[in-house]
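Fold and geometry: a report
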Amino acid sequence: MKNKPDIIHIIEQEGIELKRGKGLCPFHNERTPSFIVNQNRQTFHCWGCGEHGDVISFIMKLKGISFKDALVYLGIKSGQPVKVDPAIAREKKIQKDYEAAINNLYENLCQQSRELHKVRIQVKENPGALTEQGAAYFAGLMGELANIDFKLDTLLKGNFEDKIFLLRGEKYAYCRETKQTAIA
Ligand SMILES: [Zn+2]
């Protein structure tokens, strides 16, 4: 595509302040910048809401206009039909896979957390039912519950690096079933 304007220039022109290629995302509300512009690739990406694209899709999304109108707005002359940039397509796929993995992990952890909470309530209601061995096992389960709740918290509020770190760790941990063996 001919005379595609520089993405940094256009984004700043639209009033988004960038510091070293980073700024507040115009597509979702945030106080800490997670909107990143890659000048080499001429793409933007938001780690907060997942918006991603080039200067044309940025203007389309920002202004709520069509591809054609975005070309006009940016003063780009379109000769041939636009091909999908394979690099962008690959990035999109990675982003999608990442989001799916996070969602999966979140659901798994929620399920585990629910089951452990159930065990906790049962033991609380009937503490005398625990054998000595059962009590030790129960203590272990509660440690695990705290761990799971911490992970859920990270998935909800953590930054990108924390989530990736968590995902990597979970890949090697096998799924442990939490049965109600604590109760004798
Ligand atoms: Zn965003």
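These remarks concern the structure in this document. (Residues numbered from 1 in each chain as written. Predicted model: local features only at pLDDT ≥ 70, side-chain atom pairs only at ≥ 80, totals over all residues. Heavy atoms only, no water.)

Quick word on the coordination of the zinc ion
Of the protein atoms, only Cys 25 (SG), His 28 (ND1), Cys 46 (SG) and Cys 49 (SG) coordinate the zinc ion, at distances of 2.1 to 2.3 Å. The coordination sphere of the zinc ion comprises four donor atoms, whose angles at the metal cover 103 to 117°; the geometry is tetrahedral. Sequence positions of the donors to the zinc ion reduce to the motif C-x2-H-x17-C-x2-C. Here Cys 49 lies in the loop between strand E3 (43–46) and strand E4 (52–54) and His 28 lies in the loop between strand E1 (22–23) and strand E2 (35–38), a separation of 21 residues in the sequence. (Donors = N, O, S within 2.8 Å, 3.2 Å for Na, K, Ca; no water. Tetrahedral: all angles 85-135°; square planar, octahedral: opposite > 155°, others 65-115°. Helix = DSSP H or I, 4+ residues; strand = E, 2+ residues; numbered from the N terminus.)

Comments concerning the pattern of salt bridges
What the rule picks out here adds up to six salt bridges. Residue Lys 63 pairs with Glu 14 through a salt bridge whose shortest N-O separation is 3.0 Å. Remark: Glu 14 occurs in the loop between helix H1 (7–13) and E1 and Lys 63 occurs in helix H2 (residues 55–63); sequence separation between them is 49 residues. A relative accessible area of 37% places Lys 63 in the partly exposed class. Linking Asp 97 and Lys 93 is a salt bridge whose minimum nitrogen-to-oxygen distance equals 2.8 Å. (Salt bridge = Lys/Arg side-chain N within 4 Å of Asp/Glu carboxyl O. Buried < 20%, exposed > 50% of the residue type's maximum accessible area, 1.4 Å probe, protein only.)

Regarding the pairing of E2
Side chains Phe 35 and Val 37 project from E2 onto a buried face, and the interleaved Ile 36 and Asn 38 project onto a face without burial. The sheet contact formed by E1 and E2 spans two bridges and is antiparallel. Its bridge partner being in E2, Gly 23 is matched across the sheet by Phe 35. Bridge analysis of E2 against E3 gives four bridges, and the strand direction is antiparallel. Paired with Asn 38 across the strands is Thr 43, a residue of E3. Taking the residues between adjacent antiparallel strands as the criterion, E2 and E3 are bridged by four residues, where Gln 42 takes a positive phi near 60°. (Pairing = 2+ DSSP bridges.)

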